Every structure is written in structure tokens, then in C-alpha cells.
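Next come the chains, spelled out residue by residue.
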There are 2 protein chains.
Amino acid sequence: MAKFDSNRSTAPIIREIGFSNPAIAVVRKILTSGAKPYDTQCVLDGYWALAKAADAKMPIHSFFFCDEFIESETALALKQRYLGLAEECYSVSAKTFEKLSDRDDPCGMIAVADFPQYVPDDLKKEPILVIMEHLETPGNIGTILRTCDGAGIHGALAVNQKVRFTHPKLIKGSMGAAFSVPMASFATVSECKKWLVDNGYHVYLADTRAKKSLGELTYQFPAALVCGSERYGISPEWLDGHENLIKIPMRGTGDSLNVGVAASIFLYDMAVQLYR
Amino acid sequence: MAKFDSNRSTAPIIREIGFSNPAIAVVRKILTSGAKPYDTQCVLDGYWALAKAADAKMPIHSFFFCDEFIESETALALKQRYLGLAEECYSVSAKTFEKLSDRDDPCGMIAVADFPQYVPDDLKKEPILVIMEHLETPGNIGTILRTCDGAGIHGALAVNQKVRFTHPKLIKGSMGAAFSVPMASFATVSECKKWLVDNGYHVYLADTRAKKSLGELTYQFPAALVCGSERYGISPEWLDGHENLIKIPMRGTGDSLNVGVAASIFLYDMAVQLYR
């Protein structure tokens, strides 16, 4: 009998189910809808997502697997781990699994987990925060979170949020960093700005109109980097006459970088100075 | 009569064609195939690609437009520009256009152009080069090119090339930088390495095993940054006992960044030192 890393003392009950089972419907609703209550749960699809969510000790509701796809020892070990962690375990056919998974290389396992929930005040002691205003592309948010995780930045705030944190493409793009970097949101720029000022943050606005460029920037901490929307940049409400505008020099034919790339360059520049 | 920015003195001949026309077949072959002769031409799909290719003075073979999608003054001006530049001009129906374009927001214009061709020796005077070894994701190459354009880096070399430079997703990801950053390729690492040494380059290998990290790096120019494949990193052939390994510190749960993001961080770090 395999060992499980839960404190469950008995073997899990595994039910064989088909595509029409209500448990499958929950997975599909989380994947396609952002409506409550499906914005507090996320789908773990793929080896990395499953491993990182288990490492982050996220509560696992349901676990779906198809043995036809589970071959390597690593995969088998992950399956055993999830059989121990999940409240409900389901065995599905290859056909059902392929309809459920978004991946070209299905790993044979999918789970539904509680997504970590934070409010802004949980992040107020962090030396560096990234503010994502009105970002519309889930992959860009995923990129920023992956960089936060790498750079040692433990907080991201969404303002005028357009993409739910549990969006499958956000989670995929973050390579699991969505589970390790605390995220919270503000409805408006003015609320976010007030909170940042009240908590002593030095606010840096990424904006192509800036006079100061990468390479000549000295940050004061705690620091908040504000990145604006892919289409419109930062909104005018951020500008109050004593703002810190910063830019990345653009020497070629393009007038901007992708927001995920630009944020990553600034965040590592900040982290280099913080952790020096 | 509208003015054209070509030296054509007469109005262009515009033919109305349907989806089965051989001119359309050429577009589709370039989009889906990398085979000769379709690796020397590229498809311009979308406003940015068309504008940048015209700015880069790339020879335009054929131009397809659908007036139903062309509304703004900017779009109309671009259409007039292409009617002047293209050897052949075709009017197509909305249905045909939508089958041809990959975009969710079709701009109503598509063109076929000669893609700029370079050999490595064209790049040998550049102070910074990026080497892309065995990269498999067109979007990652596009990201790196967009960063090169922004950072003022005028050369990219592919080694063990897996994606043709004319791949639609590469061009889209580059936001037109694929037309302004010269690219050439080497078949093997050993040929590339010999060429770099012969041309006096200091070679920097991005590798997580490095001892030296971002923030403590001083580059010597001319410098070449080597980025390895998404799955395997740089190949062992690069290591010769006196290599310069460099890394980006990873302080979280992830063990690497996306290769496009990592390359962008290093390339701007190099550019900051070069252009200081």
C-alpha cells in the first residue's frame, strides 16, 4: 500500500466517472467562468501546477486522473500525493480527460484547489510591490508573477482588474508563481494610491514620457512599481505633480516593450538594489 | 487621385479575386509551411506588421485588402501606401479575408513581402549580439527580437534553428522587430563558437549553474549573450573551461524564467553598460 502525505489513515475512495458527472461540470465552470463562487477556486492542469499547488499547501477539493497518461515515476509519485491530499478522487477515461485538459501533452492529472486569498493589508510590509493596472492579457500577468517569484518580490496588486487571478492562462503563464506570490486587488486607482502613500511606499510609474531611464535609477524602499494597461499605459490619476516616472530606453523602431517584459526588467532592477 | 509613395506614375491595377485564386494559395503556403521558397518571404498581417515592413523598405509582392474592414484614416493611409508599394494588388471579400487572417481584429489588409536576408558576417561589427540556440517557441524569439530593437542591439544569431525567421507567430511576437533586427543562422554550436571567437566576441552563457549573478556583472564588448533551449538550456559544447556563465538570481519556488524574459533582462543589462 502506497504512503500518502496527508494525515488520512485509510486508502482514498476512488470513483470512476464520465464526462457528464457534476464533478466534471465544476472543473469546466472554473475554466470558462469567472463568476462566484468559481473565482475562489482554480484548476490545476499539468505537472508544474499540481506540484507547486501541493508544495504551497493549497487545499485540494477534487482530483481527476487517467492512468493511461501516467507513466513516469515522478508522475506516479505525484498521483499518490494527490490521492492523499484530495477530498474526492475520480478516475476518468482518456477521452474524458482529453476533453477536460487544455494541454497538448496531458499529464493525466487535473485537480480543483482553493486559490489563496489575500487583502491588500496582508502585503503592507513588503519592500517591493508590483501594481498591475487594467492589464487585459492573462499571460502578461502570469509573466509578471513568475518574475516576482524569481526576484523575491512577495506582492502583486491589481487595480481596475480585468482578469481573475484564477484564469487558466494566468496560472499557466505564471508556472505556478500564482500560488506563491500573494495577490490582492483595489477597485480604483485612487484607493490604491492612498493605500500606498499611507503605508509609506515610494511609487514608481513605468511610463515612456519619463526623463529617468533604466541604468540611472536609484530606488527608495519600500517601493511600488506601477505598470499600466497594454493599450493605454498608466492612467492620468497616478500623476500628481511629484510622481516618479521611470522608463526603459527605446532605441529602435518600436515604442514600447511587452508589459510583462518591461515589468520584469524593472522588478529585477529593483531587486538587485534591494538585495545588494 | 490619391498620392502613392512609390515611383509608380500610374494608378495600381486592382483585381477582385476569390479564395481559390493562386495568389491566395501563396499566402497560405507561407503561413503554414517553412519550405523553400517560402522561407524567404513573409506574410504581413495586421497594422503594425504592415507599417513596419513599409518603413523597413521591404519589397512588397502582393497586397490583399477588404474595404469593409478599413475605416480609420490611419488604415486608409496605409492602404494607399501599399497600393503604391505592391507589385500586385487584390481586392477580396470579407469572407475570404477572414479565412486568410489570423487576427481576431482583422485590419483588412495583408501583404506578402521579401524577408530581409543576412549571413553572420553582416553582423560581425555589432557590439552586442544575442545567440538563440535551439529555441522552439516562435513567441519567445519574437520577444527577444522586440527587446533587441528596443535596447539598440542589431544582431541575432540562431544556432540549431528550429523555427524559421518568417514564422507568423515570431513576426507577431516581435511587433515588427523581425524586420529591423538582422538575423542569421549557424547550423552547429561549434561553427557559431568559432565565428564568435574569430571575431573577438566575449561570450556570455546564460545558465543557472553560474556563480556570477545579475547586478555583479561587468561585460566586455563586443559581447555575445547565448540563450539555450526552453527545455534543455545551453548545450555542453559551449563549455570549454574558460566560459563566462551568468545567471539571474532565483529567490522563489521557480527554477527559471521564461527564456524571452531572461534574455531581455540580460540584454538590457548589457545595453545599459554599453550605452552608458
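Residues numbered from 1 in each chain as written. Chains lettered and ligands numbered in written order. Predicted model: local features only at pLDDT ≥ 70, side-chain atom pairs only at ≥ 80, totals over all residues. Heavy atoms only, no water.

A. Region of the structure containing the confidence of the model for chain A. Scored by pLDDT, chain A has a mean of 93; 97% of the residues are at 70 or more. Per the prediction output, this complex has pTM 0.93; the corresponding ipTM is 0.92. (pLDDT = per-residue confidence, 0-100.)

B. A look at the sheet that holds strand β9 (residues 202-206) of chain B. All names here are of chain B. Spatially, β8-β7-β6-β11-β9-β12-β10 is the arrangement adopted by the seven strands of the open sheet, whose pairing is parallel. Of all strands in the sheet, those with a lone pairing partner are β8 (183-186) and β10 (212-213), marking the two edges. Relative to strand β12 (residues 244-247), β9 is paired through three bridges, and the arrangement is parallel. For Tyr204, the partnering residue across the bridge sits in β12 and is Asn244. Sitting on the sheet, helix α5 (residues 138-151) touches β6 (128-133), β7 (156-159) and β8, and the angle it makes with β6 is about 180°. Strands β6, β7, β8, β9 and β11 (223-227) of the sheet are contacted by helix α7 (residues 189-198), whose axis makes an angle of about 170° with β6. (Pairing = 2+ DSSP bridges. Helix = DSSP H or I, 4+ residues; strand = E, 2+ residues; numbered from the N terminus. Contact = heavy atoms within 4.5 Å. Axes fitted to C-alpha atoms, helices over the stretch in contact; angles between N-to-C directions.)

C. Quick peek at the relation of the copies chain A and chain B. Once turned by 180° and shifted 0.0 Å along the axis, chain A lies on chain B with an RMSD of 0.0 Å. Such a combination of rotation and displacement between the chain copies is what one expects of a two-fold axis. A shared interface surface links the copies, since 100% of the contact residues of chain A are contact residues in chain B too. (Least-squares fit on C-alpha atoms with pLDDT ≥ 70 in both.)

D. Representation of the nonpolar core within the structure. Residues A:Leu44, A:Tyr82, A:Phe179, B:Leu44, B:Tyr82 and B:Phe179 are the most contacted members of the largest nonpolar core, which totals 130 residues. Those residues in contact with A:Tyr82 that lie beyond four places of it in its chain are A:Leu44, A:Leu50, A:Ala53, A:Ala54, A:Ile60, A:Phe63 and A:Ala111. (Core = buried A, V, L, I, M, F, W, Y, C linked by side-chain atoms within 4.5 Å. Buried < 20%, exposed > 50% of the residue type's maximum accessible area, 1.4 Å probe, protein only.)

E. Quick look at the packing of aromatic side chains. In the structure shown here, the tally under the stated rule is 16 aromatic pairs over all chains. Both rings, one in A:Phe64 and one in A:Tyr90, keep their centres 5.1 Å apart while their planes meet at 20°; by these two values the pair is stacked. With A:Phe64 in strand β3 (residues 60-65) and A:Tyr90 in strand β4 (residues 88-91), the pair connects residues that are 26 residues apart, well separated along the chain. Its relative accessible area of 5% is what places A:Tyr90 among the buried residues. Aromatic pair B:Tyr204 and B:Tyr219: ring centres 5.3 Å apart, planes at 85°, arrangement edge-to-face. Separated by 15 residues along the polypeptide, B:Tyr204 in strand β9 and B:Tyr219 in the loop between β10 and β11 bring together distant segments of the chain. Of the two residues, B:Tyr204 and B:Tyr219, both sit in the buried class. A connected cluster of aromatic rings, assembled from ring pairs, spans A:Phe63, A:Phe65 and A:Tyr82. The ring of A:Phe19 has A:Lys99 lying over it, and the distance from NZ or CZ to the ring centre is 4.2 Å. (Phe/Tyr/Trp six-rings, centres within 6.5 Å; stacked < 30°, edge-to-face > 60°. Lys NZ or Arg CZ within 6 Å of the ring centre and 35° of its normal.)

F. A look at the pairing of strand β3 (residues 60-65) of chain B. All names here are of chain B. Taking burial as the measure, the six residues of β3 include five buried ones, the bulk of the element. Bridge count for β3 against strand β5 (residues 109-114) is five bridges, and the pairing is antiparallel. The residue bridging Phe64 from the neighbouring strand is Ile110, located in β5. Taken together, the four bridges between β3 and strand β4 (residues 88-91) define a ladder with parallel strand orientation. If you follow Phe64 over to β4, its bridge partner there is Tyr90. The β-α-β motif built from β3, the intervening helix α3 (residues 73-85) and the parallel element β4 has right-handed crossover chirality. (Right-handed = clockwise from strand over helix to strand, strands pointing away.)

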